[in-house]
Amino acid sequence: MTGTIAKGEWKDGIFHFPIRVYYEDTDVGGMVYHGRYVSFFERVRTESIRDSAADVNHLFDLPEEEGGPLTYVVSGINIKYQRQAKVGDVLIGHSMVRRVRAAAIEVRQWITREGELVAEADLVVAIIGRDGRPRRWPNSARICWQKWMDDAAAAGKNT
C-alpha cells in the first residue's frame, strides 16, 4: 500500500481504521512495543466516534443542564497479542460495540495485518462527570452506541 492512508469507515457495525507503524512505535529491534497497541486501540475508538453525538468533544461541551461536561475513562482492558507488527506495516484497527450499559460500553477491538490477527482487546469504557463519578449516557450518545451495536448484530458480527 502506498500513498496516504484513508480515514476509517463503519461497515456492518464494525469500524475499520488504517494505522501505519512508525519508528516511534517500535523497540530497538523495529517491532511494535507492546504498550503501543493501547494507543492504537485508543486511536481507533476516537476515530470511530469523530463528529458523532458520542464524540468526546461533544460530550465535554455539554452544558450542566444537560448533564455535562462528560468524558470517557477506560475502566478495564484485556489485551491478547497474537503476532508481532513491525515498522512500516500498515495495520487495520477494528472496533465494535458489544454492549451498551447505563454508564459504560463494552467494546471489542482487534488489529490485523493483511487479514491476520495481530492483537485483540476487550474494553469497558465508562462515562464520567467533572467530579469523576459515573454518569448516564446522554440520549444522543446512547442512540449512536446502540445503533452501532445493532448494526453489528444484524450483520451477525456481534460475537
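This structure is a prediction, so every number in the text was calculated from the model and none was measured. (Residues numbered from 1 in each chain as written. Predicted model: local features only at pLDDT ≥ 70, side-chain atom pairs only at ≥ 80, totals over all residues. Heavy atoms only, no water.)

**Notes on the overall build of the chain**
Move 1: On a plain count of helices and strands, the chain comes out with three helices and six strands.
Move 2: For 159 residues, the compact-globule estimate of 2.2 N^0.38 gives 15 Å, and the chain sits close to it at 16 Å.
Move 3: The dimensions of the chain, computed from C-alpha atoms along their principal axes, are 50 × 35 × 30 Å.
Move 4: The contacts in the chain between residues at least 6 apart in sequence include a share of 64% that link residues at least 24 apart.
Move 5: Looking at the chain as shown, the accessible area adds up to about 8,900 Å², and 50% of this sits on carbon and sulfur atoms.
Move 6: For the chain, the distance from the average site of its 22 positive side-chain charges to the average site of its 22 negative ones is 4 Å. (Helix = DSSP H or I, 4+ residues; strand = E, 2+ residues; numbered from the N terminus. Rg over C-alpha atoms; globule rule 2.2 N^0.38 Å. Contact = heavy atoms within 4.5 Å. Areas by Shrake-Rupley, 256 points an atom, 1.4 Å probe, with all protein chains shown as cover. Lys, Arg positive; Asp, Glu negative; His and termini not counted. Charge placed at Lys NZ, Arg CZ, Asp CG, Glu CD.)

**Considerations on the side chain of Arg113**
Move 1: Tracing the backbone shows Arg113 in strand E5 (residues 104-113).
Move 2: Given a relative accessible area of 17%, Arg113 falls into the buried group.
Move 3: Among the polar contacts listed, one links the side chain of Arg113 to the backbone oxygen of Gln84, at a separation of 2.8 Å.
Move 4: Discounting residues that sit within four places of it in the chain, Arg113 has contacts with Arg83, Gln84, Ala85, Lys86, Asp89, Val90, Leu91 and Val118. (Buried < 20%, exposed > 50% of the residue type's maximum accessible area, 1.4 Å probe, protein only. Polar contact = N/O pair within 3.5 Å; in protein donor to acceptor, adjacent residues only side chain to side chain.)

**What about helix H3 (residues 139-154)?**
Move 1: The end-to-end C-alpha separation of H3 is 22 Å, in line with the 22 Å expected for 16 residues at 1.5 Å each.
Move 2: Listing the buried residues of H3 in full gives Ala141, Cys144, Trp145, Trp148, Met149 and Ala152. Along the long axis of H3, the arc covered by the buried residues comes to 120°, so they all point the same way. Opposite the buried face of H3, at more than 90 degrees from it, the exposed residues are Asn139, Ile143 and Ala154.
Move 3: In this structure, the buried residues of H3 make contact with strand E1 (9-11), helix H1 (36-49), helix H2 (56-60), strand E3 (70-81), strand E4 (90-100) and E5.
Move 4: Once H3 ends, the next one or two residues include Gly156, with phi positive near 70°. (Expected span 1.5 Å × (residues − 1). Arc of directions from axis to C-beta.)

**Considering the nonpolar core**
Move 1: Among the nonpolar cores identified, the biggest contains 36 residues, and Tyr37, Ala54, Leu59, Tyr72, Trp137 and Trp145 are the most heavily contacted of them.
Move 2: Breaking this core down by element, the ones donating at least two residues are strand E2 (14-20), H1, E3, E4, E5, strand E6 (116-129) and H3.
Move 3: Tallying contributions element by element places E6 first for this core, with six residues.
Move 4: Residue contacts for Trp137: discarding those within four places in its chain leaves Leu59, Tyr72, Val100, Arg101, Ala102, Ala103, Ala104, Ile105, Val125, Ile127, Arg142 and Trp145. (Core = buried A, V, L, I, M, F, W, Y, C linked by side-chain atoms within 4.5 Å.)

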